[in-house]
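# Descriptive structure summary
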Amino acid sequence: SDKKAVVLVPGKINPRVLERLEGKVEIVTAPAGAEPVLPAGAAERINAIAVSGAVNAKWIDALPKLEIIANFGVGYDGVDAKHAATRGIVVTNTPDVLNDEVADTTIALLINTVRRLYQAETWLRDGKWVGEGPFALSPFSLRGRKVGLFGMGRIGQEIAKRLEPFKVEIGYYTRSKRDELSYTYYASLKEMAEAVDTLICIVPGTPETHKAINADILTALGPEGVFINVGRGSSVDEDALLEALKSGALGAAGLDVFYAEPKVPEAFLSLPNVSLLPHVASASIPTRNAMADLVADNILGWFRDGKVLTPVPETPVKE
Ligand code: NDP
């Protein structure tokens with residue numbers, strides 16, 4: 001048909017998404033927020049949402065002709081996919097195209113955290129190498145560590161592969177064991193935290209994983225323990241993490257994600273044993289371009305022939 005689909009973009013999105021859609025659909029923009037605020041007459045016309053952020057039930061229910069929500073990012077905890085499913089609306093995400101980038105960043109964050117490379121570089125940049133001498137030895141090392149992954153999906157497996165040449169022991173906890181993998185499987189997060197000294201969180205943000213990393217888990221990692229989070233901030237009890245880092249119950253932490261990002265608790269900033277990144281695990285131009293293409297291709301495929309490349313499991317599309 002010659003009638004173009006109308007695509008709503010709430011808040012900001014990677015500009016390549018808009019470039020790819022331009023001329024093929026009609027774009028409507030709106031401010032991001034808990035309540036939908038739309039241009040007059042737009043609500044009844046919108047067929048799709050392209051989003052890097054949140055789409056709650058209120059947004060979904062405000063749009064009677066909505067057919068598809070294309071999320072920019074593999075993690076779609078901001079989109080109420082269960083509610084979308086009840087209305088027959090398809091939700092898509094951007095899996096796989098970011099696996100390698102996120103896994104690379106995870107290794108960098110782990111080494112940065114353990115060897116304090118950010119502080120070391122700051123030492124040099126501040127002229128202290130000349131003025132005060134060599135930078136302090138890092139209290140920790142990756143040598144001899146036992147690493148446990150909380151999550152062994154698409155990204156977790158790439159992280160594990162990258163850890164192999166580092167000569168560390170590798171284990172994981174997920175709800176279901178993956179028999180094809182040779183890594184040590186633990187039947188619970190607690191059991192794994194007791195057995196390892198380094199925990200990497202790469203699970204989705206769900207009600208089940210909410211604050212799963214609590215004082216109990218962090219204490220089990222111990223004073224030499226290292227916690228790395230590249231999954232979602234919602235999986236961590238941040239007060240417990242701060243307390244454990246301050247008291248020395250936990251050795252160090254490297255965080256790419258936070259509970260209420262972009263807000264980061266002040267208390268983290270003054271701790272010497274943390275490495276903090278502003279949610280950049282997938283944030284390279286090439287990888288973000290691939291994610292943008294997948295968002296656009298899901299939308300264009302849907303309106304061309306009812307096919308999407310990457311629906312989420314809550315809203316499967318039958319061939
Ligand atoms: P997958 O769906 O491929 O893997 C998810 C893994 O988590 C599986 O191994 C799954 O195993 C496990 N898991 C899920 N729920 C639970 C639970 N309740 N308890 C234990 N294990 C659980 O996802 P991806 O690897 O593609 O991505 C993982 C997440 O990483 C994303 O959802 C996103 O939130 C985050 N992410 C963060 C990025 C960043 O910029 N920092 C970038 C990209 C992703 P099982 O089902 O057997 O339990």
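Residues numbered from 1 in each chain as written. Predicted model: local features only at pLDDT ≥ 70, side-chain atom pairs only at ≥ 80, totals over all residues. Heavy atoms only, no water.

## Describing the packing of helix α4 (residues 99-115) against helix α7 (residues 154-163)
Taken N-terminus to C-terminus, the directions of α4 and α7 make an angle of 50°; their axes are 8 Å apart at the nearest point. Classified by the angle their axes make, α4 and α7 are oblique. For the pair α4 and α7, the sense of crossing is right-handed. Contact residues: Asn99, Asp100, Val102, Ala103, Asp104, Thr106, Ile107 and Leu110 in α4; Arg154, Ile155, Glu158, Ile159, Arg162 and Leu163 in α7. Taken together, the residues that form the contact of α4 with α7 break down as seven nonpolar, two polar and five charged. (Axes fitted to C-alpha atoms, helices over the stretch in contact; angles between N-to-C directions. Helix = DSSP H or I, 4+ residues; strand = E, 2+ residues; numbered from the N terminus. Parallel < 35°, antiparallel > 145°, perpendicular 65-115°, else oblique. Left-handed = near helix turned anticlockwise from the far one by under 90°. Contact = heavy atoms within 4.5 Å. Nonpolar A, V, L, I, M, F, W, Y, C, P; charged D, E, K, R; others polar.)

## Brief notes about the nonpolar core
In this structure, Val17, Leu21, Ala50, Leu149, Ile159, Leu163 and Ile200 are the most contacted members of the largest nonpolar core, which totals 50 residues. Residue contributions to this core peak at seven residues, all from helix α12 (residues 285-305). Not counting residues within four places of it along the chain, the set of residues in contact with Leu21 comprises Val7, Ile27, Ala296, Ile299 and Leu300. By size, the runner-up hydrophobic cluster in this structure holds 29 residues, among which are Tyr186, Ala244, Leu245 and Ala253. (Core = buried A, V, L, I, M, F, W, Y, C linked by side-chain atoms within 4.5 Å. Buried < 20%, exposed > 50% of the residue type's maximum accessible area, 1.4 Å probe, protein only.)

## Looking at the environment of Val17
By the element assignment, Val17 lies in helix α1 (residues 15-21). Val17 sits in the buried class, given a relative accessible area of 0%. When neighbours within four sequence positions are excluded, Val17 is seen to be in contact with Ala50, Phe72, Ala292, Val295 and Ala296.

Geometric values such as these leave the question of function open.
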